[in-house]
Amino acid sequence: MRLTFALLITILLLKTVLSIQPHHVWHAESDDRIDENSVDVRWLTQKLDHFNTQDTRTFQQRYYVNATYYKPGVGPIFLSLGGEGELTSKWIQSGQCVDLAKEYGALVLGLEHRYYGKSQPFAELPVENLRYLSSQQALADVATLYEEAMTNFGLDPDKTTWISFGCSYSGALSLWLREKFPFMIDGAFSGSSPVLANKEYIEYDETCEDSVGYSCMNHLVLAFDEIKTLLATNSGKETLSQKFNLCQELDSDYWVNMFKYNIIGVIQGSVQYNNAPRGFPRVEMCRRLARASDKFEEYVKLTNEMNGGLCFDLSLNSVVNQTAAPENNGRTWWWQKATEFAYYKNSPEGSDIFFPEIDLEFHNKVAEEIFGQPLKPHVEFTNSYYGAKSPVVSDVIITNGLYDPWSRLSILTDMPNNVQSVLYTSSGHCAPVYPLITEGPDPTPEDVLLAREKVKNFVQTVIDKKSSQ
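First, a word on what this report is: a plain description of the structure on this page. (Residues numbered from 1 in each chain as written. Predicted model: local features only at pLDDT ≥ 70, side-chain atom pairs only at ≥ 80, totals over all residues. Heavy atoms only, no water.)

**A closer look at the overall build of the protein chain**
Right, on to step 1. Within the protein chain, the regular secondary structure consists of 17 helices and 8 strands.
Right, on to step 2. Relative to a compact globule of 469 residues, whose C-alpha radius of gyration would be 23 Å, the protein chain shows 22 Å and is just as compact.
Right, on to step 3. Counting only contacts in the protein chain whose residues sit at least 6 apart along the sequence, the fraction spanning at least 24 positions is 74%. (Helix = DSSP H or I, 4+ residues; strand = E, 2+ residues; numbered from the N terminus. Rg over C-alpha atoms; globule rule 2.2 N^0.38 Å. Contact = heavy atoms within 4.5 Å.)

Next comes the structure, spelled out in structure tokens:
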């Protein structure tokens, strides 16, 4: 069944309001063919702090095993890394990684990221409990799974090929895993991976402006001109509150700025997830604006559809909440942004639609409100530790959509030592990892199919290299 634009936007953007939720959460499209019994759910006793030998505390980390296509003693291990959201079993049952497992007789493992989904070290998440959440701890978690898998499946480290898979943040993790643990991981797929930490990431919104095209941009400018005019008066603010069905009144500079940050969500989400499985929402957004006689009213409709008829909540309540739960991943992702990566989508100077108030100072204030203390992301350390866009690594393939707003933080050219960059233009964030669409009006585009073919060839070269050693 093809999803409507309204439902697609609701699913995608309710999760990304205020960037509270991660910029990408892995969800499989519904597929009646999936056999829920094909995946085993297991639990790993994981160290809380890998870097303090005196700390013996542990927690239970969820992982999945799909041995449906596995050829024991012959097949490789494909490790699907969870990222900034719950890792569900469906990603160990469908999509690119599983398609490749069928081809190569691989055992598929999926490791949920600490502090996300059901892999929660604590029941509550005050700042003192979040100090063990970092990409470095997450990479070290993989070493524990590696040792358990080698033992439980009787694998020979000299003969077993391990390839990691991830997309978005987990795509960066996949590359970093190969970089930091080359003795475990023989090759890595790194999709749409923001490997450059950046606290002044204006290119996100610049890419959104460029990708929608000249005509659509003009339509958006008309809509936002009306929004800006209404923001200039108290009566106009009341009109905006009514039109957009806001949960809060725009009666202070604080709520006005929160409105400015949230109201661009339709644009950002439509561009980022311009993927075939999601109905090409960027194209649909622009088509609807083009047909509408009143661009502002149409943008109001798009936004209200995004919110599914509920009032538009501009508050930070969901991330200030300290309860650890699968649906509360916004707080943990904000912690990683505020301490490691930033990835702050600051507005570009002179934009006709994005608001200049959304800058580094704004993001720092949001982080301070969430955690009750000032936090400055250590992007310099992160980039120095991992190498940013010049990592010392080999045998990695990186895919990116050129119009994906996150692509400017990724690696877009080939590098020495079999580090391949594969680009596509038809689709957005993480397009190659989704299950193929072979029927209907929006099949998987040719350039995404070509990207998947190049990933398949890369996997073969890694397997061949391992077998020749």
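**A closer look at the side chain of S347**
Right, on to step 1. For S347, the location among the structural elements is in the loop between α14 (329-341) and α15 (360-371).
Right, on to step 2. From its side chain, S347 meets the backbone oxygen of F355 in a polar contact 2.6 Å long.
Right, on to step 3. Leave out the neighbours within four places in its chain, and S347 touches I202, D205, F354, F355, P356 and I358. (Polar contact = N/O pair within 3.5 Å; in protein donor to acceptor, adjacent residues only side chain to side chain.)

**Points about the state of the cysteines**
Right, on to step 1. Counted under the stated rule, the structure contains 3 disulfides.
Right, on to step 2. Disulfide pairing is shown between C167 and C430; the S-S distance is 2.1 Å. Between C167 and C430, the S-S dihedral sits near -115 degrees, and the bridge is therefore left-handed. Taken together, the residues span a long stretch of sequence, with C167 in strand β5 (residues 162-167) and C430 in the loop between β8 (419-424) and α17 (446-468) at a distance of 263 residues.
Right, on to step 3. In this structure C167 comes out as buried when scored by relative accessible area, which is 1%.
Right, on to step 4. Residue C430 is classed as buried on the basis of its relative accessible area of 0%.
Right, on to step 5. Two residues, C216 and C286, share a disulfide whose sulfurs are 2.1 Å apart. With the S-S dihedral at roughly -85 degrees, the linkage between C216 and C286 falls on the left-handed side. (Disulfide = S-S within 2.5 Å. Buried < 20%, exposed > 50% of the residue type's maximum accessible area, 1.4 Å probe, protein only.)

**With respect to α17**
Right, on to step 1. Helix length check: α17 (23 residues) gives 33 Å between terminal C-alpha atoms against 33 Å at 1.5 Å per residue, within 8%.
Right, on to step 2. Within α17, the full set of buried residues consists of V448, A451, R452, V455, F458, V459, V462, I463 and K466.
Right, on to step 3. Among the structural elements, β3 (77-81), α2 (96-104), β5, β6 (187-191), β7 (396-401) and β8 are those in contact with the buried residues of α17. (Expected span 1.5 Å × (residues − 1).)

**Comments concerning the pattern of salt bridges**
Opposite charge on two side chains permits them to pair, given that their charged atoms come into close proximity.
Right, on to step 1. Taken as a whole, this structure holds 17 salt bridges when the rule is applied.
Right, on to step 2. One salt bridge in this structure joins R452 and D99, with 2.5 Å as the shortest N-O distance. A residue pair is termed long-range when its members are at least 10 positions apart, and R452 in helix α17 and D99 in helix α2 qualify at 353 residues.
Right, on to step 3. Taking relative accessible area as the criterion, R452 reaches 12% and is therefore assigned buried.
Right, on to step 4. Through salt bridges that share partners, R62, E86 and E112 make up one connected network. (Salt bridge = Lys/Arg side-chain N within 4 Å of Asp/Glu carboxyl O.)

**Regarding unusual backbone geometry**
Right, on to step 1. Here A342, not a glycine, exhibits a phi torsion of approximately 65 degrees, which is positive.
Right, on to step 2. Turning to its location among the elements, A342 is positioned in the loop between α14 and α15.
Right, on to step 3. Owing to a relative accessible area of 0%, A342 belongs among the buried residues under this scheme.

**Examining a negative patch on the surface**
Right, on to step 1. On the surface, a cluster of negative charge is contributed by D225, E226, D294 and D352.
Right, on to step 2. In this structure, E226 sits in helix α7 (residues 214-231).
Right, on to step 3. Owing to a relative accessible area of 33%, E226 belongs among the partly exposed residues under this scheme. (Patch = residues over 30% accessible without salt bridge, like charges linked within 9 Å, V, L, I, M, F, W, Y side chains within 5 Å. Areas by Shrake-Rupley, 256 points an atom, 1.4 Å probe, with all protein chains shown as cover. Lys, Arg positive; Asp, Glu negative; His and termini not counted. Charge placed at Lys NZ, Arg CZ, Asp CG, Glu CD.)

**Some thoughts on the sheet that holds β3**
Right, on to step 1. Read from one edge to the other, the open sheet built from 8 strands follows the order β1-β2-β4-β3-β5-β6-β7-β8, with strand pairing classed as mixed. The strands lining the two open edges of the sheet, one partner per strand, are β1 (40-47) and β8. Strand after strand, the sheet turns through a mean of 20 degrees between neighbouring axes, direction not considered.
Right, on to step 2. Bridge analysis of β3 against β5 gives 4 bridges, and the strand direction is parallel. Bridged to L79 within β5 is S164. (Pairing = 2+ DSSP bridges. Axes fitted to C-alpha atoms, helices over the stretch in contact; angles between N-to-C directions.)

**As for the packing of α2 against α17**
Right, on to step 1. With their axes 11 Å apart at the nearest point, α2 and α17 run at an angle of 50 degrees to one another. As far as their axial angle goes, α17 and α2 are oblique. Handedness of the α2/α17 crossing: right-handed. Residue-level contacts link Q96, D99, L100, E103 and Y104 of α2 to R452, V455, K456, V459, Q460 and I463 of α17.
Right, on to step 2. Looking at the contact of α2 with α17 residue by residue, the classes come out as 5 nonpolar, 2 polar and 4 charged. (Parallel < 35°, antiparallel > 145°, perpendicular 65-115°, else oblique. Left-handed = near helix turned anticlockwise from the far one by under 90°. Nonpolar A, V, L, I, M, F, W, Y, C, P; charged D, E, K, R; others polar.)

**Some details on the layout of surface pockets**
A water-sized probe, rolled over the atoms, reveals where empty space remains.
Right, on to step 1. The space that makes up the second largest pocket amounts to roughly 350 Å³.
Right, on to step 2. G73, V74, G75, P76 and K159 are the residues nearest the centre of the second largest pocket, which is lined by 20 residues in total.
Right, on to step 3. Those elements that place two or more of their residues in the lining of the second largest pocket are α2 and α17.
Right, on to step 4. When the residues that make up the lining of the second largest pocket are grouped by side-chain class, the tally is 8 nonpolar, 6 polar and 6 charged. (1 Å grid on protein atoms, 1.4 Å probe; cavity = no way out; pocket = protein on both sides within 12 Å on 5 of 7 lines; lining within 4 Å. Points joined across faces, edges and corners; volume = space filled by probe spheres on them.)

That's the geometry; what it means functionally is another story.
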